Structure formats: C-alpha cells, structure tokens
Amino acid sequence: MKRSVIIAAAIFAVASSTGALAKGITDTIKSVDKKGDSITLMNGRVFKLPEKIEVERFKAGEKVRVNYSTTKAGRTTVSSIRPVM
C-alpha cells in the first residue's frame, strides 16, 4: 500500500512540474497580422502562431477556438487553432 502511494505521489510531482497549463478560448478574430504571424481576437488577446500553423488560413470576422499553454514564466504557446461553426 505504501509503495503505491509513493508511486502515485511521484507521478503527480513529475506531471505538475512541467509548468505549462493548457487552456482554450473561443472568440472572433478581429485582425490578422501576416508579417507578424499573429492574430488579435475581439477581446484584445494577441496570439503569435507557431510555424506549423499558417496565419494565412484565417481571416478577420472568423470565429475560432485557440488552444494554448502558458508557462510559469508567462510565455504563451499556441498548440492549435481551428474554425468554430
């Protein structure tokens, strides 16, 4: 019994030490910056898209779901973005 508790605690410690918290937001795109590879949502949030996601696929007025993570240092990384119907 003690061994399984220790193993569970160790797994939890490793999983929580990554420092990134996954989040998601659904909103409408206010503007697209093709040179800066970023989008601005209606709520004012700006997301810089990684190279694997082409900003040209999106346009102002399109409703999207942005999934991202934020590190403890405050750096935001977009993992996916998709249109919402």
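Because the structure is a prediction, the values reported are computed rather than measured.

This brings us to the overall build of the chain. Counting its regular elements, the chain contains one helix and five strands. Along its sequence from the N terminus, the chain presents helices and strands in the succession α-β-β-β-β-β. A total of 85 residues make up the chain; the buried ones form 24% of that total. Total accessible area on the chain stands at roughly 6200 Å², and carbon and sulfur atoms take up 58% of it.

With that out of the way, let us pick up the pairing of strand S5 (residues 76-83). As paired strands, strand S4 (residues 63-70) and S5 are joined by seven bridges and run antiparallel to one another. Across the sheet, residue Asn67 finds its bridge partner in S5, namely Ser80. Where S4 folds back onto S5 in an antiparallel hairpin, the turn is made up of five residues, including Gly74, whose phi is positive at roughly 95°.

On to the side chain of Thr40, then. The topology assignment puts Thr40 in strand S2 (residues 38-41). Sequence-distant contacts of Thr40, defined by excluding residues within four places in its chain, comprise Thr28, Ile29, Lys30, Ser31, Arg45 and Val46.

Okay, a negative patch on the surface next. A cluster of acidic residues, Asp33, Asp37, Glu51, Glu54 and Glu56, forms a negative patch at the surface. Within the fold, Glu51 resides in the loop between strand S3 (46-48) and S4.

About the criteria used
Residues numbered from 1 in each chain as written. Predicted model: local features only at pLDDT ≥ 70, side-chain atom pairs only at ≥ 80, totals over all residues. Heavy atoms only, no water. Helix = DSSP H or I, 4+ residues; strand = E, 2+ residues; numbered from the N terminus. Buried < 20%, exposed > 50% of the residue type's maximum accessible area, 1.4 Å probe, protein only. Areas by Shrake-Rupley, 256 points an atom, 1.4 Å probe, with all protein chains shown as cover. Pairing = 2+ DSSP bridges. Contact = heavy atoms within 4.5 Å. Patch = residues over 30% accessible without salt bridge, like charges linked within 9 Å, V, L, I, M, F, W, Y side chains within 5 Å. Salt bridge = Lys/Arg side-chain N within 4 Å of Asp/Glu carboxyl O. Lys, Arg positive; Asp, Glu negative; His and termini not counted. Charge placed at Lys NZ, Arg CZ, Asp CG, Glu CD.

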